[in-house]
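Structural features, examined
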Amino acid sequence: MTELASVPRRTHPLSPFAKAGQGLSGLVLAVFVVARDVPGGFVSRLGLVALLLIAAAVLGWVSWWRTTFWFDDDGDLRIASGLFYRNERRLQLSRLQSVEITRPLVARLVGLAEVRPEVAGGENAKIALAYLSEDEAMAMRAELLARAAGVRGGHADAPVPEERPLIRVPPTDLAISMVMNHWVIIGGVVGLGFLAVALATGRIGGFVAFVFTSGLPGLSLVTGYLAYYDFTVAESADGLRLRSGLLSTRAQTVPPGRVQAVSISQTLLWRWKGWVKVQLNVAGSGGHEGNDGSTGTKGGVILLPVAPVAVAYGLLNRVLPGVDVPGIALAAAPRAARKRAPWQFNQLAVGSDASVFVARGGWLTRRLDVLPHARTQSVRVTQGPWQRLLGLATTHVDSTPGPVAPAAKHRGATEARAIAEAQAVLAGAARAAFRPERWAVRPEEPAQPGEPA
Amino acid sequence: MAPDLTADPFAPPPGGWVRVSPRLAFVRRAIGLAIVLPLGLLATVLFAINDLSVWAGINLFVMLLVAVWIIWIVGRQVRAIGYCERADDLVVTRGVMFRELVIVPYGRMQLVDVRGGPLARRYGMSTLQLHTAAATTDAAIPGLPVAEAGRLRDRLAALGEARTAGL
């Protein structure tokens, strides 16, 4: 593949069919429902479906034929596509944040996979190679990560890096953890109440209310379960690999040093089991919306859907090597904060060591946010009128968009500014000491000047 | 380096705040009044021709109250905006009711925009907008004299390039 890497290639020839497979059932249904009034009855509707299918197949095939990808002379990935208006996109691999391989159900059945490289700041540049054969997809992932790491070309002939499994979430734990959520239980109880009323009175309104309070959230529980089924975390030379999924599967690879921030959270009922959830901010991740196995909120990656606290901290050690998060001394919020945030007052605390900033908070759902100083984007102090009366202010330590937004909430007003200034200094020092973007490049090789962040 | 933190978390850094052009207050007042006054007058006229003179009076009074409030609050808001270029970062402050102070390291600036609406440009002002990889950074300095905005943009871009760090 090395010498072939710069030759434009196409995705797998079955791609248009696998893509069409996803929309097929919808199309057929739409034609039969919407086109009920087409004269000629069943046969002509069948003909319409056939016509549409042929048109879609031709379009799909031509657009597949017109899409090629290759590695350019700078070692970056290029994709050319477009039926009439040609569009060529370049994926700057020095900015690669993670690589995801997804296998939507239809593609999985025919042994195909989609490769999604995620690039920082690539809001409009979502690139997906759909589909490649599974072997090809894995080779592509290895190639992308190797090039991003600074091992330019030549790496692909080496075997795909071996994986060492670290953690597997048992499906029963996942199921129990999803039900053990106060909102799910409240929704369920309220929904059943509506259902009982509906059955007793025979009014349709009760059923509608049941669908909205129990039915739809229940459905999202099921899709969540399918998406996170058999969640495993493995370690390989090119990063942490997160796999999950029952029907559609996905495997996301987060290279070392691409983690922007981490949060460990615990909902009310999980305290009883000692479970927590671990989420990450990864720049440029999670922008794919809507379809199939892509999971996690925008800009975020779920590192562990549910795990015992000790396991989570063990994993945290691998994500942030050399950081003893539980060992960092936390300072509680001043007493005045009780008036501003009575429910979470007991949890409010912040701390900092040489490498990370830590903030704790939350009432029903408690959370601990961790942000490496080197990843700090900016620091903000904010104060609302009620806070001013109490002599409080909040210091936000800004991370890339995602589920983790660390903040020292409701600190003493002067302390808030002191925290902000201290964070700015720590962040500056950490940035200066940080290793280059291309993590496999040896330190004595200078990082390329002007490498954008 | 250490600012005086005796009481105010928004105390100026040692160099003091650079304030923005007072003409910004004029432009913002003009925009505010251009929205409030015609609407208020229209409502007043509608009340009056429908023989609801009491309501017309109340409406007129409220309209004047709002107008005075706009003139007053905009002045305070504009006077609250300030920035300071320090050795390693840019500090921006703003807000009267909800106060904010942002510290943006030069090495984290990804993009520095200068923009300005037609009215602002007419009065020789631009807005400088800083972007980092965090969507929450939200550091904009409105009401900069055009020349100062250009100078600041060039300086920030140069500093940013010299100190840029990987995400």
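The numbering scheme is per chain: residues are counted from 1 as the chain's sequence reads. Following the order in which they are written, the chains are lettered starting with A and the ligands numbered starting with 1. Totals for whole chains, interfaces and linings use every residue, but because this is a predicted model, local features are given only for residues with pLDDT of at least 70 and side-chain atom pairs only at 80 or more, for both listing and counting. Only heavy atoms go into the side-chain values, all of them from the structure, while hydrogens and water stay out.

Turning to the packing of aromatic side chains, a few remarks are in order. Residues and elements named next belong to chain A. Aromatic pairing here means that ring centres of Phe, Tyr or Trp (its six-membered ring) are within 6.5 Å. Orientation follows from the plane angle: under 30 degrees is stacked, over 60 is edge-to-face, and everything else is tilted. Under the defined criterion, the tally for this structure stands at 9 aromatic pairs over all chains. Here W61 and W65 contribute two aromatic rings whose centre-to-centre distance is 5.5 Å and whose plane-to-plane angle is 10°, an arrangement assigned as stacked. Taken together, the residues W61 and W65, both in helix α2 (residues 41-65) and 4 residues apart, mark about one turn of the helix. Should the NZ of a Lys or the CZ of an Arg lie within 6 Å of a ring centre and within 35 degrees of the ring normal, that charge is described as sitting over the ring. Looking at R10, its charged tip hangs above the ring of W65, at a distance of 3.6 Å from the centre. Positioned above the aromatic ring of F71, the side-chain terminus of R147 is 4.0 Å from the ring centre. What counts as a helix is a DSSP run of H or I of at least four residues, what counts as a strand is a run of E of at least two, and both are numbered from the N terminus.

Within this document, salt bridges are pairs made up of a side-chain nitrogen of Lys or Arg and a carboxyl oxygen of Asp or Glu, the two lying within 4 Å of each other. Applying the stated rule across the entire model yields 29 salt bridges over all chains. Close ionic contact of R86 of chain B with D89 of chain B constitutes a salt bridge, the shortest N to O distance being 2.9 Å. For every residue, the accessible area (1.4 Å probe, protein chains only) is compared with the maximum for its type, and the residue is labelled buried under 20%, exposed over 50%, or partly exposed between those bounds. Since its relative accessible area comes to 12%, R86 of chain B is described here as buried. Among the charged side chains, a network of salt bridges with common partners joins D72, D74, D76, R78, E88 and R90 of chain A.

On to a nonpolar patch on the surface, then. All names here are of chain A. On the surface, L199, I204, F207, V208, V211, F212, L216 and L219 cluster together into a nonpolar patch covering about 800 Å² of accessible area. Ranked by residues supplied to the nonpolar patch, first place goes to helix α7 (residues 204-228) with 7 residues. Among the secondary structure elements, V208 is positioned in helix α7. Classification of V208 by relative accessible area gives partly exposed; the value is 43%. Each patch is built from residues that are more than 30% exposed by relative accessible area and take part in no salt bridge. Like charges join if they lie within 9 Å; nonpolar side chains (Val, Leu, Ile, Met, Phe, Trp, Tyr) join within 5 Å. Accessible surface is estimated by sampling points in the Shrake-Rupley manner with a 1.4 Å probe; for residues, cover comes only from the protein chains shown.

Contacts between the two partners involve 33 residues from chain A and, on the opposite side, 34 residues from chain B. Accessible area, probed at 1.4 Å, shrinks when two parts are joined; the buried area is that loss added up over both. Both sides together, the interface formed by chain A and chain B hides about 2,800 Å², and carbon and sulfur atoms give 55% of it. On the surface where chain A and chain B come into contact, there are 2 salt bridges. Note that R380 of chain A is salt-bridged to E100 of chain B, the shortest N-O span being 3.2 Å. Polar contact is defined as a pair of N or O atoms within 3.5 Å, subject to the rule that within protein one atom must be able to donate a hydrogen and the other to accept it, and that residues adjacent in sequence are counted only when both atoms are side-chain atoms. Our count for the chain A to chain B interface comes out at 15 residue pairs in polar contact (both at pLDDT 80 or more). Elements supplying a minimum of two residues to the side of chain A that touches chain B: β18 (378-383), α11 (385-390), β19 (392-398) and α12 (413-432) of chain A. The element that contributes the greatest number of residues to the side of chain A that touches chain B is α12 of chain A, accounting for 8 residues. Side-chain classes are defined by residue name, with Ala, Val, Leu, Ile, Met, Phe, Trp, Tyr, Cys and Pro counting as nonpolar, Asp, Glu, Lys and Arg as charged, and the others, Gly among them, as polar. Across the side of chain A that touches chain B, the residue classes tally to 13 nonpolar, 11 polar and 9 charged. Strand pairing follows a simple DSSP-based rule, namely that at least 2 bridges must link the two strands. Inspection of the sheet shows β18 of chain A paired to strand β4 (residues 99-105) of chain B by 5 bridges, in the antiparallel sense. Across the sheet, V379 of chain A pairs through a bridge with I103 of chain B, a residue of β4 of chain B. Only heavy atoms enter the contact rule, under which two residues are in contact if any of them lie within 4.5 Å.

Glancing now at the sheet that holds strand β5 (residues 111-115) of chain B. All names here are of chain B. Pairing within the open sheet is antiparallel, and its 3 strands lie in the order β5-β6-β7. Pairing within the sheet leaves two strands with one partner each, and these edge strands are β5 and β7 (139-145). In this sheet, adjacent strand axes meet at a mean angle of 20° when their direction is disregarded. Note: β5 against strand β6 (residues 125-131), 5 bridges, orientation antiparallel. Residue pairing for β6: D113 is matched across the bridge by Q129. Where helix α4 (residues 146-163) meets the sheet, its contacts fall on β5, β6 and β7, and the angle it forms with β7 comes to roughly 140°. Between the N-to-C directions of two axes lies an angle of 0 to 180 degrees, each axis being a line fitted to C-alpha atoms and, for a helix, fitted only over the stretch in contact.

Quick look at unusual backbone geometry now. Residue and element names in this part refer to chain A. For the bond from A130 to Y131, the omega torsion is -10°, close enough to zero to count as cis. Its location among the elements puts Y131 in strand β6 (residues 129-133). A positive phi angle, close to 55°, is found at D230, a residue other than glycine. Structurally, the position occupied by D230 is in the loop between α7 and β8 (232-236). By relative accessible area, D230 is classed as partly exposed at 28%.

Our next topic: the domain arrangement of chain A. All names here are of chain A. On domain assignment, one finds that chain A holds domain 1 (15-160), domain 2 (171-228) and domain 3 (257-432). For every domain, the bounds stem from an assignment made automatically or drawn from a database. For domain 2 versus domain 3, the distance between C-alpha centres works out to 31 Å. Taken together, the 10 residues of domain 2 in the interface contact 14 residues of domain 3. When the buried surface of domain 2 facing domain 3 is broken down by residue, M180, H182 and Y228 rank first, second and third, together holding 59% of it. One can count 0 salt bridges joining domain 2 with domain 3. One can count 2 residue pairs in polar contact (both at pLDDT 80 or more) joining domain 2 with domain 3. Residue contributions to the side of domain 2 that touches domain 3 peak at 4 residues, all from helix α5 (residues 171-179).

Another aspect to go through is the sheet that holds strand β13 (residues 300-308) of chain A. Residue and element names in this part refer to chain A. With antiparallel pairing, 7 strands are arranged side by side in an open sheet as β13-β12-β11-β17-β16-β15-β14. In this open sheet, the two edge strands, each paired with only one partner strand, are β13 and β14 (331-332). Examined bridge by bridge, strand β12 (residues 275-282) and β13 share 6 bridges and lie antiparallel to one another. The partner of V278 across the bridge, within β13, is L304. Taken strand by strand, helix α9 (residues 309-319) contacts β11 (259-266), β12, β13 and β17 (366-372), and its axis lies near 140° from that of β13.

Attention now goes to the nonpolar core. For this analysis, a nonpolar core means a set of buried residues of the types Ala, Val, Leu, Ile, Met, Phe, Trp, Tyr and Cys, connected via side-chain atoms within 4.5 Å. Membership of the largest hydrophobic core comes to 38 residues, with the highest contact counts inside it found for V233, V262, L280, L303, L304, V319 and L320 of chain A. Looking at this core, the elements with two or more residues in it are α5, β9 (239-244), β11, β12, β13, α9, β16 (356-361) and β17 of chain A. Element by element, the count of residues in this core is highest for β13 of chain A, at 6 residues. In terms of domain composition, this core takes at least three residues from each of domain 2 (171-228) and domain 3 (257-432) of chain A. With 28 residues, the next largest nonpolar core counts Y83, V104, I141 and L156 of chain B among its residues.

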